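The primary structure of each chain is shown beneath.
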Amino acid sequence: MTTQSEGLVVAHLGKGIAVEVDSQIILCQTLRKLETIVVGDQVLISRSSPDQGRIEQLLPRRSVLQRPGRSDQTRPVAANIDTIFVVLAAEPECDFLLLDQYLAICENGNIDAALIFNKIDLPCADDIEQELQYYQDLGYPLYKVSASRNIGMAELKQVLSRQTSLFAGQSGVGKSSLTKTFLPEMSLKIGRVSEITRHGRHTTTAATLYHLPGGGNLIDSPGVAIFGLAGLTEAQLARGYREFQPFIGQCRFNDCRHVNDKYCAVRAAVENAEIGVNRYRRYLKLREKMPPGHHAKS
Ligand SMILES: Nc1nc2c(ncn2[C@@H]2O[C@H](COP(=O)(O)OP(=O)(O)OP(=O)(O)O)[C@@H](O)[C@H]2O)c(=O)[nH]1
Ligand SMILES: [Mg+2]
Ligand SMILES: [Zn+2]
């Protein structure tokens, strides 16, 4: 029997999965019967040669980020992420609806969430500042930075060094700019993976895990902006609004939708200004956008 070693999945390559074992990259095939293996997964592998092997077992995940797949399915994108940093900026205009989607996914998926407000070198409207303050008051850490002017980046680097992170957010907010400052040798690493495995180029459509020079891991996943709600149910969406949680149990009817329902404690809290009306409106909007199947009680 060959010995098995524990490894970390760092990328999907054309011809297999790149697994890092003792800072060496092993190109692995996977067994069909195994679940989809994603970047960030811890796995057990057996080697057939010094740089090739097979994934034998998927080790338990502490979190998994899903995205919508074909028909009503979701498929995993990355595993074992500790924190998703949602990047916003004064330009392009802040998409708080997208932010709320990410926060709802995190609340339901054992992933911490934090906000990065980039481009603080640009002027910012008061209502944006207020909205950001609301999220901070909810307990989401907020980092105000400028990637291009190198403001506030040292503190962020510290935070990133302690965990596995992912930057999310709409196009143009500065995710790549941030990544580049923390990961100057990013392309180098991709080159090394291809070179070592000699099996074609890295596919840029898949997620990749990078080790940050200052410690910590950063998962880069292109197209991460279009996740939607990735299979959340209506009840999960409501729980995904952190400040609703203390009120949800107090609604008179346990199938309350928190819309026009009678004796709804969430709505009452909105009227008493215990829940921000903007956040509540965004909840209603996201609820309406849910596919019909997800309106079932749960
Ligand atoms: N003024 C200012 N511009 C910035 C800052 N950071 C990034 N930018 C600019 O914002 C634009 C978009 O930055 P990217 O890093 O490409 O944004 P992205 O989030 O990776 O966008 P996608 O890859 O399309 O999702 C670029 O023109 C950057 O130069 C900043 O701190 N201040
Ligand atoms: Mg980018
Ligand atoms: Zn209710």
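An account of the accompanying structure is given in this report. (Residues numbered from 1 in each chain as written. Chains lettered and ligands numbered in written order. Predicted model: local features only at pLDDT ≥ 70, side-chain atom pairs only at ≥ 80, totals over all residues. Heavy atoms only, no water.)

**Overview of the coordination of the zinc ion (ligand 3)**
Right, on to step 1. Donor atoms from the polypeptide that coordinate the zinc ion (ligand 3) comprise C251 (SG), C256 (SG), H258 (ND1) and C264 (SG), at 2.1 to 2.4 Å from the metal.
Right, on to step 2. For the zinc ion (ligand 3), the four donor atoms in the first shell make angles of 104 to 113 degrees at the metal, a pattern classed as tetrahedral.
Right, on to step 3. Along the chain, the residues donating to the zinc ion (ligand 3) are arranged with the sequence spacing C-x4-C-x1-H-x5-C. Grouping residues by exposure puts C251 and H258 together as buried. (Donors = N, O, S within 2.8 Å, 3.2 Å for Na, K, Ca; no water. Tetrahedral: all angles 85-135°; square planar, octahedral: opposite > 155°, others 65-115°. Buried < 20%, exposed > 50% of the residue type's maximum accessible area, 1.4 Å probe, protein only.)

**Observations regarding the packing of aromatic side chains**
Right, on to step 1. Per the stated rule, a full pass over the model turns up ten aromatic pairs.
Right, on to step 2. Arranged with centres 6.2 Å apart and planes meeting at 50 degrees, the rings of F85 and Y143 form a pair that is tilted. Taken together, the residues span a long stretch of sequence, with F85 in strand 8 (residues 83-89) and Y143 in strand 10 (residues 142-144) at a distance of 58 residues. Neither residue differs from the other here; F85 and Y143 are each classed as buried.
Right, on to step 3. Of the aromatic side chains, those joined through ring pairs into one cluster are F85, Y143, F167 and F182.
Right, on to step 4. Its guanidinium or amino end placed over the ring of Y140, R242 lies 3.9 Å from that ring's centre, counting from NZ or CZ.
Right, on to step 5. Cation over ring: R252 sits above Y263, and NZ or CZ is 4.0 Å from the ring centre. (Phe/Tyr/Trp six-rings, centres within 6.5 Å; stacked < 30°, edge-to-face > 60°. Helix = DSSP H or I, 4+ residues; strand = E, 2+ residues; numbered from the N terminus. Lys NZ or Arg CZ within 6 Å of the ring centre and 35° of its normal.)

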